[in-house]
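Given next are the chains, with one letter for each unit.
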Number of protein chains: 2
Amino acid sequence: MPELRRDPVGGRWVIINTDYPSLPEDFHREDHKFRAMTCPFCPGNEHMTPPEVDVIRTKSSKPNSPGWQVRAVPNKFPALEIEADLDRRGIGIYDMSTGVGAHEVIAQGPDHNKEISDLSVSEVVNILSIYCRRATELAQDKRFKYVLIFKNYGPSAGASLEHPHTQLIALPMIPKNVAEELKGATSYFRFKDRCVFCDMLRQEQAEKERVITENKYFIALCPYVSRFPFEVWILPKKHNGYFCRTSKEELPELAAILKEVLLRIKSVLNDPAYNFIIHTTPANTADMEEGYHWHIEIMPKLTRTAGFEWGTGFYMVATPPEVAAKYLSKPATKVDS
Amino acid sequence: MPELRRDPVGGRWVIINTDYPSLPEDFHREDHKFRAMTCPFCPGNEHMTPPEVDVIRTKSSKPNSPGWQVRAVPNKFPALEIEADLDRRGIGIYDMSTGVGAHEVIAQGPDHNKEISDLSVSEVVNILSIYCRRATELAQDKRFKYVLIFKNYGPSAGASLEHPHTQLIALPMIPKNVAEELKGATSYFRFKDRCVFCDMLRQEQAEKERVITENKYFIALCPYVSRFPFEVWILPKKHNGYFCRTSKEELPELAAILKEVLLRIKSVLNDPAYNFIIHTTPANTADMEEGYHWHIEIMPKLTRTAGFEWGTGFYMVATPPEVAAKYLSKPATKVDS
């Protein structure tokens, strides 16, 4: 019979279909159809974006011209605007605020057709370094309470551009989902004097059922309370609240495991759309890091969110994480990009 | 510049694109493509579903045979099972429960091609009556804490069958989203001694900017804190915590406004996929109804939920509700089904 599982951090319940699990071939993959257009992120088209705010490029090359490996620019159509005053007010029973924030795009590389899974580990290290540098710089702005780094791959995951890219949004308040995770993790820490994620890691390493791969500093697993089929989390093995405190020694290991996991997802699930999100302790807050443990959540887009999920916050999960882990624990066969 | 708005009930923030609002023609509508199959809900195929649990049918017709107007059956592939014991346990740091619950499908009418917007008001009254009867009956089972009634229309809203139908799920716990709404509404009530939804109605009726239509007992509006473009809520004007306490006198007015709103959405947005959800006070809980106000939330599926939404719980809303209301406040021209 189906199994209900409760997320030990946020208290969310999911319904796992343990009797008739959906296997990779049961999901219909949508085509990655993008509008035909001149790519603003391809080398030579640098004038199509706002000027770069950070970049890794060859020494001989000039700003806003080809020769870059990773390039961060403000979003041309930002969801929030950086040049504005934070103004909050009430309108009758409602509350509003001016849309202050930053919205940047990180072009992951010059090649229009090479995603993280196709790049070398050192190229992925460059991408992660820019994530970190941008998040650190934006956190200097005291108006911002949270910096979210996330990737939409494929139109059905919300991507509107094909060129490999990641987005970064700095927000003037801690978002609800993050606040709930922090609250849950902090309560657990106060009760047990241990980090809930560290406890989870220990249990997963002992049970082995949901671990898909690990290296010296990182582990990748299908979480016990997955919300989506074939969801994967990557966590540092050593407690660390902040993504940006990942050390120079750890970075290549993180790049390697991220590349490997994305390659396996691409191979096992026939190149699905996906989102990944870096979950980290908020910027400009004190004393929250001991109970929180930064990690990456990767969510392949295999099913549609429907009325039940919107109405309840429950998720119906067609593939138990134990089954997903069996598929994803095999090393990836090289996939054509 | 963009505007951040905070939901006065749950505290969720949304980002409204007030500068460049998306208009109906800016959304790409996906085709409603269903798998070709024999329809289990068409008259004559009653043997393809489990036996009916409730029905409105002609007096001369026999159970589980043609002659019905509205027919409720258990879901053949239930997400939760009714014949089971509620068994909760811990597994290390995790918590699980057996998947006890009810999962029913309500076939809205015998005609495979007639949705609520195409039916007569009295036919819609029959549908709403069955919603109410099933929810009331399931609430008698003390294992159930919440009965959710929801509709997925179109494959991109999660529907897997084409025949017009609604789903009903009884859950052994109050789901997270509902609990948050109740908590917010109850806090407001304790602070102000007034229902937050009643206050919202008064403000909306005074400002008129977001009201799209109203009749004697009900009002339809685009909420100030919409999470989706062209989202519409239908609320009873008189305070009422429970959907199932809608009176016989009110029911035809509810049917009329629901039909009218769905017809307008179909006409203005070119027959989009949508979800609707009935939000009501939980079953088997005391003293929660004074602060809560039942309502229907209708969410056209015009955009994709992406990494930003998953990571934050924020929503980016491409069409301000004030703009959506302008389009939806015109009476519908009759649309071919």
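Before reading further, recall that the structure is shown in the block above.
Residues numbered from 1 in each chain as written. Chains lettered and ligands numbered in written order. Predicted model: local features only at pLDDT ≥ 70, side-chain atom pairs only at ≥ 80, totals over all residues.

Peer 1: Any chance you could explain the sheet that holds strand β12 (residues 232-236) of chain B here in plain terms?
Peer 2: Two orientations exist for strands paired in a sheet by backbone hydrogen bonds: parallel and antiparallel. Residues and elements named next belong to chain B. With antiparallel pairing, 10 strands are arranged side by side in an open sheet as β3-β4-β7-β9-β8-β13-β14-β12-β11-β10. The strands lining the two open edges of the sheet, one partner per strand, are β3 (54-57) and β10 (211-214). In this sheet, adjacent strand axes meet at a mean angle of 20 degrees when their direction is disregarded. Here five bridges tie strand β8 (residues 146-153) to strand β9 (residues 165-171), and the two strands are oriented antiparallel to one another. Of the residues in β9, the one forming a bridge with Ile 149 is Leu 168. (Pairing = 2+ DSSP bridges. Helix = DSSP H or I, 4+ residues; strand = E, 2+ residues; numbered from the N terminus. Axes fitted to C-alpha atoms, helices over the stretch in contact; angles between N-to-C directions.)

Peer 1: I keep staring at the pairing of strand β6 (residues 94-98) of chain B and nothing clicks. Help me out?
Peer 2: For a regular strand, side chains alternate in direction, first toward one face of the sheet and then toward the other. Direction of pairing for strand β1 (residues 3-6) of chain A relative to β6 of chain B: antiparallel, over a ladder of four bridges. The residue bridging Glu 3 of chain A from the neighbouring strand is Thr 98 of chain B, located in β6 of chain B. The pairing of strand β5 (residues 88-91) of chain B with β6 of chain B spans four bridges and is classified as antiparallel. Bridge pairing links Arg 88 of chain B to Ser 97 of chain B in β6 of chain B. Turn length for the β5 of chain B-β6 of chain B hairpin, with the two strands adjacent in sequence and antiparallel, is two residues, and the turn residue Gly 92 of chain B shows positive phi of about 60 degrees.

Peer 1: Help me understand the relation of the copies chain A and chain B in this model?
Peer 2: Relating one copy of the chain to the other requires a rotation about an axis plus a shift along that axis. With an RMSD of 0.0 Å, the operation that places chain A on chain B is a rotation of 180 degrees combined with a shift of 0.0 Å along the axis. Such a combination of turn and shift is consistent with a two-fold rotation axis. For chain A, the residue whose C-alpha comes nearest the rotation axis is Thr 305 of chain A, separated from it by 4.3 Å. An overlap of 100% is found between the interface residues of chain A and their copies at the interface of chain B, pointing to a shared contact surface. (Least-squares fit on C-alpha atoms with pLDDT ≥ 70 in both. Contact = placed C-beta atoms within 7 Å.)

Peer 1: Could you clarify how one ought to interpret the interface of chain A and chain B in this entry?
Peer 2: Accessible area lost on assembly of the parts is the figure often given for the size of an interface. The interface is formed by 56 residues belonging to chain A together with 56 residues belonging to chain B. Among the secondary structure elements, those contributing two or more residues to the side of chain A that touches chain B are β1, β2 (13-16), β6 (94-98), β8 (146-153), α2 (176-192), α3 (196-207), β13 (274-279) and α5 (307-312) of chain A. Here the residues of the side of chain A that touches chain B sort into 30 nonpolar, 16 polar and 10 charged. (Nonpolar A, V, L, I, M, F, W, Y, C, P; charged D, E, K, R; others polar.)

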